[in-house]
Amino acid sequence: MKDSKTQHKHGRVLLPLSLQAALLVIIVFGTATWILIWRVSIRVSDELLSQIEIRGSELVSQMAEACKKPLAAGDLAFVESMASEAGKGESVILATIITNIDLYTSKREKAKGITDIGTYVGHSDTEKIGKSYELPEGLKESDVAKDVVVLNLADGSRRIRFRKPMIFSYKGKNRIVGASEIILDLDEIREALRIVRTDITVYGTLSAIVSALGIIILLTFILRPIRTLVEAMSRIQEGDFKLQVIARDPSEVGVLTRSFNRMAAELDKLQAKAVAQQLMKKELDIAETIQNRLLPAKLPEIPGLELAARYEAAKEVGGDYYDIFQIDDHKWAMVIGDVSGKGIPGSLVMSITRSILRSNAEGSRTPADVLIRTNRILYDDIPAGLFVTLALAYYDEKKCTFSFASAGHNPVLIRRNDKIHEMKLSGLPLGADNTGIFDRIIEEGTLTLKNDDFILMYTDGITEAMNSSKDLFGLDRLKEAVTSYREGPIVNFPVTLMRRVDDFRNGEAVSDDLTFIAIRCLLS
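Residues numbered from 1 in each chain as written. Predicted model: local features only at pLDDT ≥ 70, side-chain atom pairs only at ≥ 80, totals over all residues. Heavy atoms only, no water.

(A) Structural context of helix α3 (residues 76–86). Among the residues of α3, those classed as buried are Leu76, Val79, Ala83 and Ala86. When α3 is viewed along its axis, its buried side chains cluster within an angular range of 95 degrees and face the same direction. In this structure, α3 carries Ala77 and Glu85 as exposed residues pointing more than 90 degrees from its buried face. (Buried < 20%, exposed > 50% of the residue type's maximum accessible area, 1.4 Å probe, protein only. Helix = DSSP H or I, 4+ residues; strand = E, 2+ residues; numbered from the N terminus. Arc of directions from axis to C-beta.)

(B) Region of the structure containing the pattern of salt bridges. One pass over the structure, following the stated rule, counts 18 salt bridges. Note that Glu85 and Lys88 form a salt bridge whose closest N and O atoms lie 3.5 Å from each other. Each member of the pair, Glu85 as well as Lys88, carries the same accessibility label: exposed. Here the residues in one salt-bridge network are Arg161, Arg163 and Glu181, joined through shared partners. (Salt bridge = Lys/Arg side-chain N within 4 Å of Asp/Glu carboxyl O.)

(C) The side chain of Asp513, seen in detail. Looking at the element boundaries, Asp513 is found in the loop between α13 (493–505) and β15 (514–521). Exposure remark for Asp513: the relative accessible area of 1% places this residue in the buried category. A distance of 3.3 Å separates a polar atom in the side chain of Asp513 from the backbone nitrogen of Asp320. Setting aside residues up to four positions removed in sequence, Asp513 forms contacts with Glu312, Ala313, Ala314, Lys315, Gly318, Gly319, Asp320, Lys342, Thr459 and Gly461. (Polar contact = N/O pair within 3.5 Å; in protein donor to acceptor, adjacent residues only side chain to side chain. Contact = heavy atoms within 4.5 Å.)

(D) Looking closely at the sheet that holds strand β11 (residues 412–416). Sheet architecture is open: 5 strands sit in the order β6-β15-β14-β11-β12, paired in antiparallel fashion. Each edge of the open sheet is held by one strand with a lone partner, namely β6 (305–312) and β12 (419–423). Within this sheet the neighbouring strands show an average axis-to-axis angle of 15 degrees, counted without direction. Summarising the sheet, strand β14 (residues 454–458) and β15 pair through 5 bridges and their orientation is antiparallel. Residue pairing for β15: Tyr458 is matched across the bridge by Phe516. Relative to the sheet, α13 contacts β6, β14 and β15, its axis offset from that of β15 by approximately 140 degrees. (Pairing = 2+ DSSP bridges. Axes fitted to C-alpha atoms, helices over the stretch in contact; angles between N-to-C directions.)

(E) Layout of the sheet that holds strand β2 (residues 119–123). Spatial ordering of the open sheet is given by β2-β1-β5-β4-β3, a layout of 5 strands whose pairing is antiparallel. Of all strands in the sheet, those bounded by a partner on one side alone are β2 and β3 (148–152). With direction set aside, neighbouring strand axes in the sheet form an average angle of 30 degrees. Looking at chain direction, strand β1 (residues 92–99) and strand β5 (residues 173–185) are connected through 7 bridges and run antiparallel. Bridging across to β5, Ile97 finds its partner in Ser180. Taken strand by strand, α3 contacts β1 and β2, and its axis lies near 65 degrees from that of β2.

(F) Inspection of unusual backbone geometry at higher detail. One non-glycine residue, Asp418, adopts positive backbone phi at about 65 degrees. Tracing the sequence through the fold places Asp418 in the loop between β11 and β12. Positive phi, normally seen in glycine, also occurs at Asn506, with a value near 55 degrees. Within the element layout of this structure, Asn506 appears in the loop between α13 and β15. With relative accessibility at 66%, the residue Asn506 sits in the exposed group.

(G) Seen up close, a nonpolar patch on the surface. A surface patch of nonpolar side chains, amounting to about 330 Å² of accessible area, comprises Leu19, Leu23, Ile26 and Ile27. Within the secondary structure, Leu19 sits in helix α2 (residues 17–73). Since its relative accessible area comes to 36%, Leu19 is described here as partly exposed. (Patch = residues over 30% accessible without salt bridge, like charges linked within 9 Å, V, L, I, M, F, W, Y side chains within 5 Å. Areas by Shrake-Rupley, 256 points an atom, 1.4 Å probe, with all protein chains shown as cover.)

Now the structure itself:
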């Protein structure tokens, strides 16, 4: 009963679709309104600023044209009256006439100081007449000569300053006798924008609310069949897979209802399949654990050698394996193999092969003898079509030698004095023949080790790693990786090699198991 109540609680609709649609409408209208406000504000601001610039430019030009002759003639009373009248205009903060030469000026006028460079000879504030020019607030010295400059004041308000030089012809040359300036207030732009924004916001909000209410009312009726399906889903959660909902609606809701009925009929089958998959996953996890335990938990410490190894399965379990174990007091066996099958079949064959090979490995037998005995037993124990390629090496501590034999496996790579040699030995895969051909063609090779020799035993998952263009990593890239690895302990080599392979694959999925054993000789 408790579980049933919990399921009903979980099946409860916390946010009805009608409310979601209403919220979406509000969000869309709100976003559209904000965009509209932004666009209209820019347009209105640009239009008003353009009109103010036209008006200011005309006004300052008229002042300059009217005052240049009187200023040149010394008629300062007229100049003062022009600045005073201009300062009374709408939105005009300041109107000034500035002189910057002493043309036609008497000594008495000079004594008043009105001929100094940058002296006010006309000002909307009469107390400023005769005083030196002052930079308006917000104007930089570098911007004084500009015709139009927007001034940003400390209190956040904005003004715009217009300047027009007054050019007068004197003795055949054009002379700048002064300049006219006016400063206009831009607060009217701010007020106009406020009105526009308020109107758009109010009407946009009202439209969003009305639309949202309409959608809620409309969807309340339309979504009744959907609510029936929601209730049916709650019963499905309780395990009532035989539930069928009557589908009379000819619209998409009716199609959805019929699909729901088919889904309910299939859920029982799907549940059974899900249980089976879970069991299979559990079995694969167990198989993976068993296979990992068959691999060496820790590489042994062998006098005169440095060892490193890597195993990566393409699936949960794989058909590759490697092994390093001691045969007698001074001999060690090193094995790497690749089963033709993948997944669980491959892992089972790998486990059988490992057991048979270990039971036949003795100090008095050569690698070739061990492989011959292993093949005879394995042939009868694995299904037709499955086989194992395998390389077996014996290391003799006393003689400092490696003895190799191969059952159709990749050649062992040996780096000596910056050159790569391939130990190619003939042999058939284990489990592929029981007619005696395996015994006759298998070869064995021996290598006397030298200091800094580097030996790599690997499976074809390395060389056959592919990128998205289906190019193979190949033996040449593998040789180059072995040749270039000179510094650092050998335990770092697997990381270096796998990074090269991963970079080459560039995200392409692994198609085969990747396994290798790296050996470096450190002989005194």
